[in-house]
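# Inside the fold
Read off the chains here:
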Amino acid sequence: MGTLVSVRRYPVKSMLGEALTSACVTTDGLEGDRRFAVLDGAGAVGSAKHPRKWGPLLHCRSRSAGPGTALVELPGGAVLPAGSAELDARLSDLLGRPVTVSGRPPEHGLLERAVPAYEGGVPEVLRARASVDGTGETITSGRVAAGTFFDFGRVHLVTANSLRRLRTAHPAGDFDPRRFRPNLVVDLRGGPGFPEDSWQGRTLRIGPALFRVLVPTPRCAVPGLGHGALPADAGIMRAVAREHRVPVLDLGRLACVGVYLEVLEPGTVTAGDPVTVLPAGP
């Protein structure tokens, strides 16, 4: 039905990542993906979903340097290894408070999200519980997936079809896939926008790997932020909220782009691999 057009990995959570020709997919996701995260003394896991607190991470770039290791390029060009005291010191200066880069997820890692004004940006039940933190931002608080630095699913897929559809709603916007931080970008050429809406519970064969589609991916402020050379554009998420609010579990209708995947059969995926959508398994 389609083609895998790009593969991306993010060795340090909420930093810019790296484009790959191919990647080994295990049951834990792409090898080396979200291997590290930036933590603060309050137990929060660095996530640009709280832009006032963690937004500068989107101007740092991470890349894998071998099994269990990563390098971070800071604004200005310095490149330092994840876990080094010098990197921790430089990131603490960048963020304005003491932080460390860790490869060990805390037992109860706190994940904070800014609450957007538009409808569908956060479940209404959570909006009602939101509070204002020390940055002056209204936020909700949750947890990362147990034992990991992932928000939810281990693999995130976005279709080029959906991005083309959103571009018609906001022609001035740059719907570069990097704004949505996918691991896999799939193109079903000639197909409709938002084809993944019909994929929940079904399986995807991408090259030798097999995935089950779990849920749509709710979006927050991140796609509209500046990502390195990509400028900030608040219209990106307003377009998503206008054009594509869909049911997510029991959380109501949320602004979504892409889907989270579960890995059923590991394998090495390569840009150019065929993509086939299969019926739901038993």
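Up top is the structure.
How each quantity is defined
- Residues numbered from 1 in each chain as written.
- Predicted model: local features only at pLDDT ≥ 70, side-chain atom pairs only at ≥ 80, totals over all residues.
- Heavy atoms only, no water.
- Helix = DSSP H or I, 4+ residues; strand = E, 2+ residues; numbered from the N terminus.
- Rg over C-alpha atoms; globule rule 2.2 N^0.38 Å.
- Contact = heavy atoms within 4.5 Å.
- Pairing = 2+ DSSP bridges.
- Buried < 20%, exposed > 50% of the residue type's maximum accessible area, 1.4 Å probe, protein only.
- Axes fitted to C-alpha atoms, helices over the stretch in contact; angles between N-to-C directions.
- Polar contact = N/O pair within 3.5 Å; in protein donor to acceptor, adjacent residues only side chain to side chain.
- Phe/Tyr/Trp six-rings, centres within 6.5 Å; stacked < 30°, edge-to-face > 60°.
- Lys NZ or Arg CZ within 6 Å of the ring centre and 35° of its normal.

## Observations concerning the overall build of the protein chain
For the protein chain, the count of helices and strands is five helices and 20 strands. A globule of 282 residues ought to have a C-alpha radius of gyration of about 19 Å, and the protein chain, at 18 Å, matches this closely. Dimensions of the protein chain, computed from C-alpha atoms along their principal axes, come out at roughly 50 × 40 × 40 Å. Residue pairs at least 24 apart in sequence account for 71% of intrachain contacts in the protein chain once pairs closer than 6 positions are excluded.

## Some thoughts on the sheet that holds strand β11 (residues 131–132)
Ordered by their spatial adjacency, three strands build an open sheet running β10-β12-β11, and the pairing between neighbours is antiparallel. Looking along the sheet, the strands with just one partner apiece sit at the ends: β10 (110–114) and β11. Bridge analysis of β11 against strand β12 (residues 138–143) gives two bridges, and the strand direction is antiparallel. Along β12, the bridge assignment pairs Val-132 with Thr-138.

## Quick word on the pairing of strand β7 (residues 70–73)
Only one face of β7 is buried: it carries Ala-70 and Val-72, and the other face, with Leu-71 and Glu-73, is open. A loop of five residues connects strand β6 (residues 61–64) with β7, the two strands running antiparallel in sequence, and Gly-66 in this loop sits at a positive phi of about 120 degrees. By the bridge criterion, three bridges tie β7 to strand β8 (residues 79–81) in an arrangement that is antiparallel. If you follow Glu-73 over to β8, its bridge partner there is Val-79.

## Considerations on the sheet that holds β7
Think of a sheet as strands paired side by side through backbone hydrogen bonds, with each pair either parallel or antiparallel. The strand order across the open sheet formed by three strands is β6-β7-β8, and the pairing between neighbours is antiparallel. Each of the sheet's edge strands pairs with one partner strand only, and the pair in question is β6 and β8. Strand-to-strand twist across the sheet, computed as the mean angle between neighbouring axes with direction ignored, equals 25 degrees. Where β6 lies against β7, four bridges are found, and the strand directions are antiparallel. Bridge pairing links Ser-62 to Val-72 in β7.

## Things to note about the side chain of Lys-53
If you trace the backbone, Lys-53 turns up in helix α1 (residues 51–54). The class of Lys-53 is buried, set by a relative accessible area of 14%. Within the structure, the side chain of Lys-53 is placed 3.1 Å from the side chain of Glu-112, a separation counted as a polar contact. If sequence neighbours within four positions are ignored, Lys-53 has contacts with Asp-40, Ala-44, Leu-95, Arg-97 and Glu-112.

## Regarding the packing of aromatic side chains
By convention here, two paired aromatic rings are described through the distance between centres and the angle between planes. A full pass over the atoms with the stated rule returns one aromatic pair. Ring geometry for Phe-152 and Tyr-260: centres 5.5 Å apart, planes at 55 degrees, overall tilted. Placement of the pair is Phe-152 in the loop between β12 and β13 (155–159) and Tyr-260 in strand β18 (residues 253–265), with a sequence separation of 108 residues. The positively charged end of Arg-35 is found above the aromatic ring belonging to Phe-36, 5.0 Å away from the centroid. A cation over a ring is seen here: Arg-97 above Trp-54, with NZ or CZ 4.3 Å from the ring centre.

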